[in-house]
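# Reading the structure
So the chains spell out like this:
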Amino acid sequence: MKLPIVENSGSNSESGSCQPSRCGSGTAATPLPADIQERVANHPCFSEQAHHYFARMHVAVAPACNIQCNYCNRKYDCSNESRPGVVSEVLTPAQAVKKVKAVAAEIPQMSVLGIAGPGDPLANPERTFETFRRLSEETPDIKLCVSTNGLNLPASVDELCKHNIDHVTVTINCLDPQIGARIYPWIFWDHQRLRGVEAARILIEQQQKGLEMLVERGILVKVNTVLIPGINDQHIPELSRVIREKGAFLHNVMPIISDPSHGTYFGLTGQREPTAAQLQEVQESCAGDMKMMRHCRQCRADAVGLLGEDRGEEFTLEKIDTMEIDYPAAMEKRARVHEEILAGLEQDQNPTDTGVTDGRAVQMAVATKGQSLINQHFGHATEFLVYEASPEGVRLVGHRRVPRPYCEGGSSCGEDAEAIMSAIIEQLAGCEVLLCSKVGFEPWTALEAAGIQPDGEHALEPIEEAVKSVYQQMMTREPVELPATERQSA
Amino acid sequence: MAYEITDKCVKCTACELVCPNAAISETATVFVIDPGICTECADAYPEAQCSSICPIEGAIVDELGDPINPPGSLTGIISLATA
C-alpha cells in the first residue's frame with residue numbers, strides 16, 4: 001500500500017537514539033468485529049494496524065491514587081524510565097489542553113488523547129473531567145480515552161458518558177480476592193484505608209460492575225492485566241474468559257516490570273518478570289474468540305507520539321510557550337492526514353495467508369520506524385517487533401525492547417559493542433530471522449552465530465509481505481515436517 | 001490538634017481531595033495543613049482522611065511528630081528499608 005509521508009515541521013529531527021516502533025496489522029487469528037474495527041480504525045492502542053500510523057498522547061493531570069499496587073511506585077521527574085505511573089510534570093487541565101493542541105498541531109497523525117495517571121484518573125475527577133470537557137469543545141476531532149484501576153468506575157460511568165468518551169481501559173489483574181491481596185496492599189474506600197482480602201474483594205467487585213456498566217452503555221472496554229509470574233499467571237485464562245463474556249472487546253496481558261531500582265514492592269522483593277516466551281504462552285492460552293493485544297508498549301502517563309516512541313521532551317510547557325501555532329489550519333491538516341492514512345489502510349486488506357500448507361511456525365524480529373515497513377537500521381533499533389509465520393498466516397506476536405541500541409550514534413558508536421550485542425541477542429530469544437533495512441558486518445556475524453539469520457534484503461518492503469516471502473523460502477528449503485509437539489512449543 | 005505534612009510529600013494531591021475541612025493547600029515544594037482548620041477529622045470520620053489515603057510513609061505526622069503511617073505500614077517494605 002502507499003501511504004503519505006508526513007512532514008513534521010522539522011521537529012522530528014534525529015533527536016538522540018529514540019526510535020519508534022510498530023507492529024503488525026491484520027492478523028491471522030481473531031479479527032475484531034466490523035463495527036468495532038470501524039470505531040477503533042484510527043486508535044493506535046486499540047488497533048494493531050492503526051498503531052503503525054496514528055499517534056497518541058497522554059496528559060498527566062491525575063496525580064492522586066486511591067489504591068496501591070505492588071508493582072507501582074509513582075515517582076516523578078524521571079525522564080529515563082518508560083513505564084506507566086511515571087511522568088516528568090503533572091499538568092493542570094489548562095496546561096494539558098494547551099499541550100494537546102500543540103502536539104496535535106505538530107504531529108498531525110495524532111488521533112487519541114488519553115488520561116492515564118500518574119495516579120488514577122477517576123480518583124481526580126475534577127481535573128480529569130475538566131480536561132475532557134475542554135478538549136471535547138476545543139479539539140473535537142481527537143478521540144478521548146481513560147485508563148483506570150476501576151475502584152471509582154461505577155460511580156463515574158455517567159460522567160464519562162457525558163464527555164463523549166468511547167474507549168475505557170480497566171486494569172483488572174484477578175477475580176480472586178486471595179490473589180488480589182497479594183497484588184494490592186490497600187485501597188481507599190468509603191473514607192477508610194482497607195487492606196488485605198477485604199480490600200481486594202471490594203476492588204474486584206467495583207471493577208466487574210464498572211465493566212458491565214460500560215458495556216451496557218456501548219462504551220468500548222479494553223482490559224489490561226499485569227502478568228505476575230507465580231501470582232496470577234495461572235488465573236489469567238479464567239479472567240480472560242470472564243471479561244470476554246461480560247463484553248470487553250480487547251484483552252491486553254502485559255508483563256510486570258519489576259526492576260529493583262524502581263523501588264516497588266515487587267521490585268525489592270525479587271518478584272521475577274516473565275520471559276517473552278512465558279508472556280506469549282499466557283496470551284495464547286487466553287486467545288479464544290477475543291482479540292488479544294500484542295502491540296502494547298506500556299508507555300508513560302505522559303507519553304507522546306507513535307507507540308514505541310516518546311517525543312514528550314519536545315513538548316515541555318516551556319517549549320510549547322515558544323511555539324506559534326495556527327490551530328484551525330492544524331485541524332484541517334490533521335483531517336487530511338487522517339483521511340489519507342485511513343484510505344491507505346482500507347486498501348491494505350493484504351491477506352496474511354503464507355501459502356504454506358505444511359510447516360512449523362517461525363518467529364522473526366523486525367526493525368521498523370513505523371508505516372508498517374522494514375525501514376530501520378539494526379543498530380538504531382530500540383525495540384524489535386516479533387512476527388510469527390506459520391501455515392495459519394502471518395501475525396504480530398509481540399515486541400522486544402533492547403536495553404540499548406547497538407549503535408547509539410556519535411562517539412558512543414562501537415563502545416561496549418559486545419555487551420550490547422549479547423543483550424540484544426538475549427532479547428531476541430526464539431527468533432530465527434532478523435529483518436532490518438541494514439546491518440553491519442559485526443552484528444551480522446554475531447547474530448548468525450546465535451542462530452538468528454540477519455536479512456537486509458527486504459529494506460523498505462511492507463513487513464508482512466517480507467515475513468511471508470522469507471517464510472516461504474525457508475519452508476521450501478526445509479521440507480521435513482516436525483512433530484506436532486515441537487510445533488506448539490516453537 | 002492538627003496533623004502536619006513533612007518534606008517526604010510527593011504532591012500527589014490525594015489528601016487535598018479528601019480533606020473534609022479544606023485545610024490542605026499546595027506550596028512550591030509540598031502540601032501543607034492549616035493547623036487552625038485541621039480537626040484530624042475528629043467529628044467527621046473514625047480516621048483522619050488525609051493519612052488514610054496518603055501513599056507515602058512518614059509524609060503525615062501528628063502533633064508530636066510521629067508518623068501516622070510509619071515505614072513499612074503501606075508498602076510492606078520495612079525490612080528492606082531498615083536492613
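Residues numbered from 1 in each chain as written. Chains lettered and ligands numbered in written order. Predicted model: local features only at pLDDT ≥ 70, side-chain atom pairs only at ≥ 80, totals over all residues. Heavy atoms only, no water.

Let us look at the overall build of chain A. Helix and strand content of chain A: 15 helices and 16 strands. For chain A, contacts bridging at least 24 residues in sequence account for 75% of all contacts bridging at least 6. (Helix = DSSP H or I, 4+ residues; strand = E, 2+ residues; numbered from the N terminus. Contact = heavy atoms within 4.5 Å.)

Attention now goes to the overall build of chain B. Check the secondary structure of chain B and you find three helices and four strands. Moving toward the C terminus, one meets the helices and strands of chain B in the order β-α-β-β-α-β-α. Relative to its full complement of 83 residues, chain B shows a buried share of 43%. Within chain B, contacts between residues separated by at least 24 positions form 45% of all contacts whose residues are at least 6 apart in sequence. Within the structure as shown, chain B displays about 4,300 Å² of accessible surface, and the carbon and sulfur contribution to it stands at 55%. (Buried < 20%, exposed > 50% of the residue type's maximum accessible area, 1.4 Å probe, protein only. Areas by Shrake-Rupley, 256 points an atom, 1.4 Å probe, with all protein chains shown as cover.)

Attention shifts here to the interface of chain A and chain B. Interface size is often expressed as the accessible area that is lost when the parts come together. Between chain A and chain B, the residue contacts involve 20 residues of the former and 21 residues of the latter. Summed over both partners, the interface of chain A with chain B comes to about 1,600 Å²; 59% of that surface belongs to carbon and sulfur atoms. On the chain A side of the interface with chain B, the three residues burying the most area are F188(A), H191(A) and R193(A), jointly 33% of the side's total. One can count zero salt bridges joining chain A with chain B. Counting across the chain A and chain B interface gives six residue pairs in polar contact (both at pLDDT 80 or more). (Buried area = accessible area lost by both parts, 1.4 Å probe. Salt bridge = Lys/Arg side-chain N within 4 Å of Asp/Glu carboxyl O. Polar contact = N/O pair within 3.5 Å; in protein donor to acceptor, adjacent residues only side chain to side chain.)

Right, let's get into the nonpolar core. Ranked by internal contacts, the top residues of the largest apolar core, which has 42 residues, are V59(A), L113(A), L160(A) and L214(A). The element that contributes the greatest number of residues to this core is helix α2 (residues 93–106) of chain A, accounting for six residues. (Core = buried A, V, L, I, M, F, W, Y, C linked by side-chain atoms within 4.5 Å.)

Moving on to helix α14 (residues 463–477) of chain A. Residue and element names in this part refer to chain A. For α14, which comprises 15 residues, the first-to-last C-alpha distance of 21 Å matches the rise-based estimate of 21 Å (1.5 Å per residue) to within 8%. Taken residue by residue, α14 has I463, E464, A466, V467, K468, V470, Y471, M474 and M475 as its buried positions. Packed against the buried residues of α14 are β12 (362–366), β13 (383–390), β14 (393–401), β15 (433–435) and β16 (453–455). (Expected span 1.5 Å × (residues − 1).)

Right, let's talk about the packing of helix α6 (residues 196–216) of chain A against helix α7 (residues 236–246) of chain A for a bit. Residue and element names in this part refer to chain A. The contact between α6 and α7 brings their axes to 9 Å, and the two run at 35 degrees. From α6, Q208, L211, E212 and V215 reach across to α7, where they touch V242, I243 and K246. Split into classes, the residues belonging to the contact of α6 with α7 amount to four nonpolar, one polar and two charged. (Axes fitted to C-alpha atoms, helices over the stretch in contact; angles between N-to-C directions. Nonpolar A, V, L, I, M, F, W, Y, C, P; charged D, E, K, R; others polar.)

This next bit is on the sheet that holds β15(A). Residues and elements named next belong to chain A. Strands sit in the order β14-β13-β12-β15-β16 across an open sheet of five strands; the sheet is mixed. Two strands lie at the open edges of the sheet, namely β14 and β16, each paired on one side alone. Taken pair by pair, the neighbouring strands of this sheet meet at an average axis angle of 25 degrees, ignoring direction. In the sheet, β13 pairs with β14 via eight bridges, with the strands oriented antiparallel. Note that in β14 the partner of S390 across the bridge is G393. Relative to the sheet, helix α9 (residues 276–286) contacts β12, β13 and β14, its axis offset from that of β14 by approximately 135 degrees. (Pairing = 2+ DSSP bridges.)

All names here are of chain A. By the secondary structure assignment, N224 is in strand β8 (residues 220–227). Assessed through its relative accessible area of 10%, N224 is described here as buried. In terms of polar contacts, N224 uses its side chain to reach the side chain of K222, at 3.3 Å. Apart from residues lying up to four places away in sequence, N224 is in contact with T169, V170, T171, I172, N173, N252 and M254.

Moving on, we get to the pairing of strand β7 (residues 192–195) of chain A. Residues and elements named next belong to chain A. Alignment of strand β6 (residues 186–189) against β7, held across four bridges, turns out to be antiparallel. Each bridged residue has a counterpart across the sheet, and for W186 the counterpart in β7 is R195. Where β6 folds back on β7, the antiparallel hairpin that results is connected by two residues, among which D190 adopts a positive phi of roughly 50 degrees.

Time to look at the confidence of the model for chain A. When pLDDT is low, close inspection of the predicted coordinates is not appropriate. This prediction gives chain A a mean pLDDT of 83; 84% of its residues lie at or above 70. Confidence over residues 1–29 of chain A falls short of pLDDT 50; this stretch has 103 contacts with residues more than four positions distant or in other chains. (pLDDT = per-residue confidence, 0-100.)

A few words on unusual backbone geometry. One non-glycine residue, K11(B), adopts positive backbone phi at about 60 degrees. Backbone geometry places C41(B), a non-glycine residue, at a positive phi of 60 degrees.

Either a parallel or an antiparallel arrangement is found when strands of a sheet pair, and the pairing is made through backbone hydrogen bonds. Residue and element names in this part refer to chain A. Here we have three strands laid out as an open sheet, ordered β2-β6-β7, and antiparallel in their pairing. In this open sheet, the two strands that pair with only one neighbour each are β2 (67–68) and β7. Across the sheet, α6 touches β2, β6 and β7, and the angle it forms with β7 is around 105 degrees.

Centre-to-centre distance and the angle between the planes together describe a pair of aromatic rings. All names here are of chain A. As enumerated under the stated definition, the model contains four aromatic pairs over all chains in all. Measuring from ring centre to ring centre gives 6.4 Å for F129 and F132, while their planes differ by 50 degrees; the resulting arrangement is tilted. Placement of both F129 and F132 in helix α3 (residues 125–138) is noted, with a separation of three residues, approximately one turn of the helix. Using a relative accessible area of 0% as the deciding quantity, one classes F132 as buried. Members of the aromatic cluster, each reached through a chain of ring pairs, are F378, F384 and Y406. Lying over the aromatic face of Y327, K101 brings its terminal NZ or CZ to 4.6 Å of the ring centre. When the ring centre of W186 is taken as reference, the NZ or CZ atom of R193 above it lies at 4.4 Å. (Phe/Tyr/Trp six-rings, centres within 6.5 Å; stacked < 30°, edge-to-face > 60°. Lys NZ or Arg CZ within 6 Å of the ring centre and 35° of its normal.)

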